[in-house]
Amino acid sequence: MIPSSFDYVAVDSADAAIGALTEHGDEAKLMAGGHSLIPLMKFRLANPTVVIDIGRVNDLSYIRDAGDHVAIGALTRHMAVETSDLLKADVPLLAHCASQVGDPSVRHRGTIGGSLAHADAASDLPAALLALGGSVMVKGPNGEREVKADDLFVGFLENSLADDEMITEVRVPKATGAGWSYQKFNRRAQDWAIVGVAAVLNGSAGVSLVNMASTPLRAAGVEEALASGASHADAAQRAADGGSPPEDLNGDAEYRTHLAKVLVQRALTEAESRKS
Amino acid sequence: MQIQMNVNGTDRSADIEARTLLVHFLREDLGLTGTNIGCDTSSCGACTIHVNGESVKSCTMLAVQADGQTVTTIEGLASGGEMHPMQTSFMENHGLQCGYCTPGMVMASVSLLNENPNPTEHEVREGLEGNLCRCTGYHNIVKAVLAAAE
């Protein structure tokens, strides 16, 4: 399978990328590692007329200690996130979730910014960002703004960025010593989660769901129940509140709803056991 | 568009369409047919090569993304007529049956050992999760990688 024809523009800075986006409008797509975009283009599900390659914007590949949070350049590869000592110590949920993306060859190319911008309800990193209460820095022609994870995912494969904006940095609050868990339920290695649950217990609880709606989803019912003192088992019963699970060959909505409850309970139990 | 990259130690340049996949460029433009196409959807790993020393699936990379980079395919692994130790290990441990997944399997295994020189059996299996053997010959493949690590 070969993508439709397109014009290719390689840029070497975020500003040049935004310039190209401004010039070409919604006909253009940014390509980072290309591991979400190229498959869509091969299946002809995406047919951008212009592809702006930001894969060589090397100054957006970094993982930095920024005091109360860790700052990760948007073009940081999953493999770098997975193996970062800083993240393993201070935000272990994120390092672990990065290690669950695809397989090593995929993780050599795919980037954290690309994965978040792709906003796939079935992918691992959006759930981690939601549970951690993280945010992204977004740059456009009029400067930079911070977008909280809760405001980033707005529809099926749709983020809240304007056509001329790009994610430049991902910010995750340090959760050193917090309890955490990521439950990814799938049938085969390297598959997407049929349902997944990310949980962080750090004073308050952050719980999010993979593949339980058309967007990555916060498990608001579970968080609310935990905040009002419910047991893990009782809170887990509210796992599917606000969800609209997809139905496919792997399971119908009822099955996914059941799975979400089971996995939330497992996630909370594991997170509790990891608290220090 | 004009691209230039180092492939197996030789600088190659070509004028290609931007939509050309790296695997097609290697196979059809450069005649390096050792890299196989299996699933064409980045699941099976038959097309695994190295870009700047790291394993990637060349069906999910555009040739233009490799512009200016260093690419190694299975043809570039041996040096001076001597097989790479991973190739020797696959041969000695019978790490192949039909052979279709083998080039990708070997390239992924070399990349795996570059990152983790002394993996456990479990780490080898996890590390090769993106490479499928339809003969299901994983036992000897894992044995070959472990032997090569020693």
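Residues numbered from 1 in each chain as written. Chains lettered and ligands numbered in written order. Predicted model: local features only at pLDDT ≥ 70, side-chain atom pairs only at ≥ 80, totals over all residues. Heavy atoms only, no water.

It is worth spelling out the domain arrangement of chain B at this point. Residue and element names in this part refer to chain B. For chain B, the domain assignment lists domain 1 (2-76) and domain 2 (85-149). Using only C-alpha atoms to locate each centre, domain 1 and domain 2 end up separated by 21 Å. Contacts between the two partners involve 18 residues from domain 1, matched on the other side by 14 residues from domain 2. For the domain 1 and domain 2 pair, buried surface summed over both sides reaches about 1200 Å², with 54% attributable to carbon and sulfur atoms. Taken as a group, Asn-36, His-50 and Ile-74 account for 39% of the area that domain 1 buries against domain 2, more than any other trio of residues on that side. At the junction of domain 1 and domain 2, the tally comes to 0 salt bridges. In this structure, the connection of domain 1 to domain 2 is made through 9 residue pairs in polar contact (both at pLDDT 80 or more). Looking at the side of domain 1 that touches domain 2, the elements that each hand over two or more residues are strand S3 (48-51) and strand S4 (54-57). Of the residues that constitute the side of domain 1 that touches domain 2, the class distribution is 5 nonpolar, 11 polar and 2 charged. (Domains from an automatic or database assignment. Contact = heavy atoms within 4.5 Å. Buried area = accessible area lost by both parts, 1.4 Å probe. Salt bridge = Lys/Arg side-chain N within 4 Å of Asp/Glu carboxyl O. Polar contact = N/O pair within 3.5 Å; in protein donor to acceptor, adjacent residues only side chain to side chain. Helix = DSSP H or I, 4+ residues; strand = E, 2+ residues; numbered from the N terminus. Nonpolar A, V, L, I, M, F, W, Y, C, P; charged D, E, K, R; others polar.)

Take helix H9 (residues 220-227) of chain A next. Residue and element names in this part refer to chain A. All of the buried residues in H9 are Gly-221, Val-222, Glu-223, Ala-225 and Leu-226. On its buried side, H9 packs onto strand S13 (204-210), strand S14 (217-218), helix H10 (232-236) and helix H11 (253-274). At the exit of H9 stands Gly-229, carrying a positive phi of roughly 90°. (Buried < 20%, exposed > 50% of the residue type's maximum accessible area, 1.4 Å probe, protein only.)

Moving on to the sheet that holds strand S3 (residues 50-53) of chain A. Residues and elements named next belong to chain A. Sheet architecture is open: 3 strands sit in the order S1-S3-S2, paired in parallel fashion. Taken across any chain shown, the strands that pair with only one partner, and hence form the sheet edges, are strand S1 (7-10) and strand S2 (28-31). Direction aside, neighbouring strands of the sheet carry axes that sit 25° apart on average. Pairing geometry for S1 and S3, over 4 bridges, is parallel. Residue pairing in the sheet places Asp-7 in a bridge with Val-50 of S3. (Pairing = 2+ DSSP bridges. Axes fitted to C-alpha atoms, helices over the stretch in contact; angles between N-to-C directions.)

Let us now look at the sheet that holds strand S5 (residues 69-73) of chain A. Residues and elements named next belong to chain A. On the basis of which strands lie adjacent, the open sheet formed by 5 strands has the order S4-S5-S10-S6-S7 and antiparallel pairing. Each having just a single partner strand, strand S4 (63-66) and strand S7 (143-148) make up the two edges of the open sheet. Strand-to-strand, the axes of this sheet are offset by a mean angle of 25°, without reference to chain direction. In terms of strand pairing, S4 meets S5 through 4 bridges, oriented antiparallel. Residue pairing in the sheet places Ala-66 in a bridge with His-69 of S5.

Across the contact, 30 residues belong to chain A and 31 residues belong to chain B. Of the roughly 2300 Å² buried where chain A meets chain B, counting both sides, 54% is carbon and sulfur surface. Linking chain A with chain B are 3 salt bridges, by the criterion used here. Between Asp40(B) and Lys42(A) there is a salt bridge; the shortest N-O distance is 2.7 Å. Remark: the boundary between chain A and chain B carries 15 residue pairs in polar contact (both at pLDDT 80 or more). At the level of secondary structure, the elements contributing two or more residues to the side of chain A that touches chain B comprise helix H2 (37-42) and helix H6 (104-109) of chain A. Among the elements that take part in the side of chain A that touches chain B, H6(A) stands out by supplying 6 residues, more than any other. The residue inventory of the side of chain A that touches chain B, partitioned by class, reads 14 nonpolar, 9 polar and 7 charged.

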